[in-house]
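# Secondary and tertiary structure notes
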Amino acid sequence: MKQLPIWRRPYGATRILDVGGGHNPFRGATHVVEIDMCDGHHRDGRALALPQSSSLIVGDVEELPFRTGTFDFVYASHVLEHVDVPLQACHELMRVGSRGYIETPSPLLEQGLAFGTKETAHAGFHKWYVFSTDQDQLIFEPKTRDTTTWFCRCPDGQFIHELFEVVDFEHAQHFLRRTAKTMIFHWTSTFRVEVRTELEHCIQDGTGCRFVGMRKALMANCNDLRSEERRVGKECRSRWSPYH
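Now for a look at the structure at hand. (Residues numbered from 1 in each chain as written. Predicted model: local features only at pLDDT ≥ 70, side-chain atom pairs only at ≥ 80, totals over all residues. Heavy atoms only, no water.)

With that out of the way, let us pick up the packing of helix α2 (residues 107-117) against helix α5 (residues 155-166). Between α2 and α5, whose axes approach to 10 Å, the crossing angle comes to 45 degrees. Here α2 is positioned oblique relative to α5, judged by the angle of their axes. For the pair α2 and α5, the sense of crossing is right-handed. Taken together, the residues of α5 that come into contact with α2 (itself represented by L108, Q111, G112 and F115) are I160, H161, F164 and E165. Of the residues that constitute the contact of α2 with α5, the class distribution is four nonpolar, three polar and one charged. (Axes fitted to C-alpha atoms, helices over the stretch in contact; angles between N-to-C directions. Helix = DSSP H or I, 4+ residues; strand = E, 2+ residues; numbered from the N terminus. Parallel < 35°, antiparallel > 145°, perpendicular 65-115°, else oblique. Left-handed = near helix turned anticlockwise from the far one by under 90°. Contact = heavy atoms within 4.5 Å. Nonpolar A, V, L, I, M, F, W, Y, C, P; charged D, E, K, R; others polar.)

The next subject is the environment of E63. In this structure, E63 sits in the loop between β3 (55-58) and β4 (73-77). Taking relative accessible area as the criterion, E63 reaches 65% and is therefore assigned exposed. Taking the C-alpha atoms as reference points, E63 and Q88, separated by 25 residues in sequence, lie 8.0 Å from one another. (Buried < 20%, exposed > 50% of the residue type's maximum accessible area, 1.4 Å probe, protein only.)

Within soluble globular proteins, side chains that are nonpolar tend to cluster in buried spots. Among the nonpolar cores identified, the biggest contains 27 residues, and L17, L80, L93, I102 and L138 are the most heavily contacted of them. For this core, the elements supplying multiple residues, two or more each, are β1 (16-19), β4, α1 (86-96), β6 (128-134), β7 (137-142) and β8 (182-188). In this structure, L109, F115, F151 and M214 belong to the second largest nonpolar core, which totals 18 residues. (Core = buried A, V, L, I, M, F, W, Y, C linked by side-chain atoms within 4.5 Å.)

Here we take up the side chain of H201. Counting through the fold element by element, H201 comes out in the loop between β9 (192-195) and α8 (202-205). Since its relative accessible area comes to 10%, H201 is described here as buried. Here the side chain of H201 touches R153 through a polar contact of 2.9 Å, landing on its backbone nitrogen. Excluding residues that lie within four positions of it along the chain, H201 makes contacts with W150, F151, C152 and R153. (Polar contact = N/O pair within 3.5 Å; in protein donor to acceptor, adjacent residues only side chain to side chain.)

Turning to the layout of surface pockets, a few remarks are in order. For the second largest pocket, the calculated volume is near 530 Å³. Forming the walls of the second largest pocket are 22 residues, and the residues nearest its centre are S132, T179, T182, M183 and G213. If you list the elements that add at least two residues to the lining of the second largest pocket, you get α2, β6, α7 (178-181), β8 and α9 (210-240). Examining the composition of the lining of the second largest pocket, we find that seven residues originate from one element, α9, more than from any other. Residues that form the lining of the second largest pocket fall into these classes: twelve nonpolar, eight polar and two charged. (1 Å grid on protein atoms, 1.4 Å probe; cavity = no way out; pocket = protein on both sides within 12 Å on 5 of 7 lines; lining within 4 Å. Points joined across faces, edges and corners; volume = space filled by probe spheres on them.)

Structure follows, in structure tokens:
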């Protein structure tokens, strides 16, 4: 079962909801909501798992079967990219909980895999690119066959386009750290939600651009790998030094 880092765990929370925990829920959840009880389509056919002493409730994130303010903390991991109406789903999370944690695949991973395969099934399985340009706002952009091959005209968008054209992303993704492959969002009380139905080039309308975050995530991943390489190299030189 999953856990947040020690400094991010919901200490003091007594009623904790995990929405769509599936086969890998969060440890400590007192209630788990699951829409798919039988065939396990969204969890690759794997069996449901439940934290010890938790209650399992059949429900939908877009219409949670709880009173307002029922929970101290709400997890929603790898759920929002599947929903039909993200604004409603987010409002439901805020309605039933006082704070929470949201995780989805990052746009870098979503578009990289879909662009490389060109498969309509892959493009349709997840319905949204989810990202944040502000600490209290989530942005949803539609993920379709057409948007899989769409890139903003800004320098970041063109950089990512060129990268996807020359890199086998299906293979390259295994060298990305989790921080580059996931979108992580912590919220307290409320957060803003923007759902975009059409894509516009940021240099024309000045909106927050998902490709800026994609490029930053990729660069941070490369910097992490270089730092690790230097650390390992220093350790090896120290270990095998004739003066050691």
